[in-house]
Amino acid sequence: MSQENIDFVRDSFDRWNRGDRAFDDGDLHPDVEVISNFQSEPYHGRDGFRRWMQEIDEQFQDWRLVADDLREAGDNAVVGVGHIHLRGHASGVEFDQPMGWLIGLDGKGRLLRMQTFAEPAEAFRAAGLSEE
């Protein structure tokens with residue numbers, strides 16, 4: 001199932017970058033959790049996931065996810081490294097920031113957990129993988 005998981009993540013990033021952030025219940029496990037390095041508290045459940053996306057859209061007019069490397073990280077996990085491209089609503093300032101992701105799926109092709117890392121190498125360490 002590892003290639004399906006990588007494809008799910010790649011497709012989800014592509015959808016996000018096209019502005020299609022309407023993930024339906026079939027894409028999200030009921031207990032989905034988002035742990036963002038930008039927030040002190042995790043987001044829980046489908047409503048929490050949607051609140052996380054709404055907060056991003058309120059702060060940024062452009063927020064693109066660029067995964068340079070996606071790898072299997074166990075049976076139902078994918079680790080990714082790359083960067084995010086941001087442009088603020090109020091300021092219009094654009095910048096790129098390195099980013100790592102550890103994404104867990106539930107075995108049915110639904111997002112179960114996503115954790116972001118400001119230092120991409122941390123994503124590999126959290127997954128128990130080397131960067132090579």
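A brief report on the enclosed structure follows. (Residues numbered from 1 in each chain as written. Predicted model: local features only at pLDDT ≥ 70, side-chain atom pairs only at ≥ 80, totals over all residues. Heavy atoms only, no water.)

A word on the pattern of salt bridges
Argument step 1. Scanning the model with the defined rule gives ten salt bridges in all.
Argument step 2. With its nearest N and O atoms 3.6 Å apart, the salt bridge here joins Arg 15 to Asp 20.
Argument step 3. Of the residues examined, Arg 15 reaches a relative accessible area of 17% and is grouped as buried.
Argument step 4. Here Asp 27 and Arg 15 are joined by a salt bridge, their closest N and O atoms 3.2 Å apart. Placement of the pair is Asp 27 in the loop between helix H1 (2-17) and strand S1 (28-35) and Arg 15 in helix H1, with a sequence separation of twelve residues.
Argument step 5. Residues participating in the shared-partner salt-bridge network are Arg 15, Asp 20 and Asp 27. (Salt bridge = Lys/Arg side-chain N within 4 Å of Asp/Glu carboxyl O. Buried < 20%, exposed > 50% of the residue type's maximum accessible area, 1.4 Å probe, protein only. Helix = DSSP H or I, 4+ residues; strand = E, 2+ residues; numbered from the N terminus.)

Side note on the side chain of Thr 116
Argument step 1. Take Thr 116: it is sitting in strand S6 (residues 111-117).
Argument step 2. Thr 116 sits in the buried class, given a relative accessible area of 8%.
Argument step 3. Here Asn 37 takes part through its side chain, which lies 2.6 Å from a polar atom of the side chain of Thr 116.
Argument step 4. If we ignore the near neighbours within four places in the chain, the residues touching Thr 116 are Ile 35, Ser 36, Asn 37, Met 99, Gly 100 and Trp 101. (Polar contact = N/O pair within 3.5 Å; in protein donor to acceptor, adjacent residues only side chain to side chain. Contact = heavy atoms within 4.5 Å.)

Considerations on the environment of Gly 104
Argument step 1. As for its placement among the helices and strands, Gly 104 is situated in strand S5 (residues 94-105).
Argument step 2. Classification of Gly 104 as buried rests on a relative accessible area of 15%.
Argument step 3. With ten residues separating them along the chain, Gly 104 and Met 114 place their C-alpha atoms 6.3 Å apart.
Argument step 4. Look past the residues within four positions of Gly 104 in its chain and what remains in contact with it is Asn 76, Ala 77, Arg 110, Leu 111, Leu 112 and Arg 113.

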